[in-house]
Structure formats: structure tokens, C-alpha cells
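Results of the structural survey
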Amino acid sequence: MAWSGSVSAEPRPPVAIVEDATANVTAIPPFHLLREGDSLSLASDQGVILSYLQSCQRETIRGGQVAIGRLQSDVTGGAVQRQTISCDPAALDLTPAEASQSAALAFRDPDSAADADPIAREAAFVLASRLPVVIALDLANLTIEDRRNPARTWQVQSTDGIFELAAGDLPLDKGGVYRISGGDRSLVFRIGREATDAPLPLLKRLIRF
């Protein structure tokens with residue numbers, strides 16, 4: 001498998017992220033960010049799953065030449081299956097400044113009790129997964145604060161601009177409220193009371209910060 005990414009004086013924003021890949025794909029590991037104009041060359045026994053941040057397209061690709069576009073891939077000589085994931089494409093396209101006020105792939109938690117919970121009301125959005133993944137290309141570390149227990153904080157280090165908030169810890173609590181902060185910005189979100197730690201499409205777990 002070959003991967004080609006162009007280099008420019010001004011870093012271009014990512015348009016897609018590698019959700020998964022077959023074991024024989026080593027050039028682009030899971031959570032690798034892709035930019036418009038990048039290309040992949042897959043052998044017939046190689047496959048990847050790509051998630052597009054703006055269009056919420058989830059592509060399962062097997063073999064062929066893959067050109068990364070803004071909203072979806074152009075696949076030649078291979079097979080591609082596309083699925084549109086229910087998410088908020090505008091939220092995933094936020095600038096870092098905008099992300100400090102509004103963000104994420106959210107779902108509306110049908111939990112009326114949360115309306116009477118002042119801590120829950122701090123949250124900008126609700127996630128359906130207990131395993132959030134944050135994209136923050138300009139940060140090396142994030143601080144996580146449990147808003148229901150403010151003395152409980154921990155730091156997460158970036159891997160090429162990606163943070164796995166539950167890495168090295170248990171999945172985040174159902175109904176938990178968390179503040180992520182880094183640089184000069186912060187954001188509060190809530191984990192839904194019916195949220196799961198089962199595998200979900202990556203687009204349902206991402207936060208653009």
C-alpha cells in the first residue's frame with residue numbers, strides 16, 4: 001500500500017480521517033488525518049474505512065487508487081461502499097475559535113431530568129458514545145475535568161492532533177459532564193445516559209475542538 005500527501009506552505013485542514021484499515025495497511029494507521037489531494041494506492045487484498053468530516057460520508061474501500069476529495073473519495077480500480085452517518089457536518093467544519101462555543105457530533109438525549117440539572121445544562125452537546133475522540137491539530141495536550149467531581153482531572157496527549165479521551169482510563173461515565181481545555185479555549189459536553197461503549201462509527205464519537 002502506498003500513501004501520498006502533498007506539502008504546502010500553509011497547512012491545509014483535514015477533510016477525512018482513517019477510521020480503520022486491514023492489518024496489511026501500515027502507511028496510514030487508524031485516526032490518520034487526510035487532506036484534499038492526498039492519494040492512496042491499495043492492493044486488491046487491502047482495505048480502509050474513511051470518514052469525511054464535512055459530508056459525514058463513511059466509506060469502506062477495497063483495493064484501487066484512492067484520491068481524497070473534499071466530500072468523498074474518487075476510487076479507480078477498486079470497490080467502495082458509502083454510508084451517510086447521522087451527524088452535524090457544520091459542527092465538524094468549525095475553526096478552533098468557533099469550536100470553543102459550539103461543537104461535535106451530538107445527539108439529543110431524551111432525558112428530561114437533565115433540564116433540571118444545572119451541571120448538565122453547562123454542556124454544549126450530548127454524545128451517544130462513552131469513547132470520545134477529539135481533533136485539535138494545534139494542541140499537544142488536553143486537560144479533562146469531571147464537572148461532577150471537579151477535583152478529578154487528567155491530561156491526554158496528542159497523537160498527530162488526535163486525542164482519545166478515555167485512553168488509559170475507563171469509558172467516560174453515562175450522564176457524566178466533562179470540560180476539555182487546552183490553549184486558550186475550553187468546551188463542556190455531556191455523555192448521554194443511554195450512551196454506549198460498544199463500537200460506533202467514528203463520526204459519532206468525534207469532537208472538533
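Everything below is about the structure shown above.
Residues numbered from 1 in each chain as written. Predicted model: local features only at pLDDT ≥ 70, side-chain atom pairs only at ≥ 80, totals over all residues. Heavy atoms only, no water.

What about the overall build of the chain?
We count it as follows: Secondary structure elements follow DSSP: runs of H or I no shorter than four residues count as helices, runs of E no shorter than two count as strands, and numbering proceeds from the N terminus. A contact between two residues is defined here by any heavy atoms of the two lying within 4.5 Å.
The number of helices and strands found in the chain is two helices and 15 strands. Pairs at least 24 apart in sequence give 58% of the contacts found in the chain among residues at least 6 apart.

Here's the deal with the sheet that holds strand E9 (residues 133–135)
Note the cut-off: Strands are treated as partners if at least two bridges between them are detected by DSSP. Here the axes come from fitting lines to C-alpha atoms, over the contacting stretch only for helices, and the angles between their N-to-C directions go from 0 to 180 degrees.
The strand order E12-E9-E15 describes an open sheet built from three strands, whose pairing is mixed. Both outer strands of the open sheet, strand E12 (162–164) and strand E15 (206–208), are each paired with one neighbouring strand and no more. Taken pair by pair, the neighbouring strands of this sheet meet at an average axis angle of 25 degrees, ignoring direction. Examined bridge by bridge, E9 and E12 share three bridges and lie antiparallel to one another. Within E12, the residue paired with Val134 across the bridge is Phe163.

Focus on the packing of aromatic side chains
To describe a pair of aromatic rings, you give the distance between the ring centres and the angle between the ring planes. For clarity, the threshold we go by: Pairing of aromatic rings covers Phe, Tyr and the six-membered ring of Trp, with a centre-to-centre limit of 6.5 Å; geometry is then stacked below 30 degrees between planes, edge-to-face above 60, and tilted otherwise. Categorising residues by exposure relies on relative accessible area from a 1.4 Å probe, with only protein chains included: less than 20% of the type maximum marks a residue as buried, more than 50% marks it as exposed, and the intermediate range marks it as partly exposed.
Counted under the stated rule, the structure contains three aromatic pairs. Judged by centre distance (5.8 Å) and plane angle (5 degrees), the rings of Phe125 and Phe189 are stacked. Here Phe189 lies in strand E14 (residues 185–196) and Phe125 lies in the loop between helix H2 (96–99) and strand E8 (126–129), a separation of 64 residues in the sequence. For the residue pair Phe125 and Phe189, the accessibility class agrees, reading buried in each case. Here Trp154 and Tyr178 contribute two aromatic rings whose centre-to-centre distance is 6.3 Å and whose plane-to-plane angle is 75 degrees, an arrangement assigned as edge-to-face. One end of the pair, Trp154, is in strand E11 (residues 153–157); the other, Tyr178, is in strand E13 (residues 177–182), and 24 residues separate them in sequence.

What about the pattern of salt bridges?
Selection rule: Definition used for salt bridges: Asp or Glu carboxyl oxygen within 4 Å of a side-chain nitrogen of Lys or Arg.
Enumeration according to the criterion identifies nine salt bridges in this entry. Put simply, Asp117 and Arg148 hold a salt bridge, and the shortest N to O gap is 2.8 Å. Remark: Arg148 occurs in the loop between strand E10 (141–146) and E11 and Asp117 occurs in the loop between H2 and E8; sequence separation between them is 31 residues. Take Asp117: its relative accessible area is 14%, and that puts it in the buried class. The partner of Asp146 in a salt bridge is Arg152, and the shortest N-O contact between them spans 3.3 Å.

Details of the environment of Gln57
Stated formally: Here a polar contact is taken to be a pair of N or O atoms separated by no more than 3.5 Å, where protein atoms must pair a possible hydrogen donor with a possible acceptor and residues adjacent in sequence count only if both atoms sit in side chains.
With respect to the helices and strands, Gln57 occurs in strand E5 (residues 57–68). Looking at Gln57, the relative accessible area reads 16%, which means it is buried. Along the backbone, Gln57 and Ser73 are 16 residues apart, and their C-alpha atoms lie at a distance of 9.6 Å. Apart from the residues lying within four places of it in its own chain, the contact partners of Gln57 are Leu50, Ser51, Tyr52, Leu71, Arg82, Gln83, Thr84 and Leu203. One polar contact links Gln57 to Thr84, side chain to side chain, over a distance of 3.2 Å.

Looking at the sheet that holds E13
Spatial strand order, E8-E14-E13-E10-E11: five strands in an open sheet with mixed pairing. The open sheet has two edge strands with one neighbour each: E8 and E11. On average, each strand axis in the sheet is inclined to that of its neighbour by 35 degrees, with strand direction left out of account. Sheet analysis places E8 next to E14, joined by three bridges and oriented parallel. When the sheet's bridge partners are listed, Val126 is paired in E14 with Arg190.

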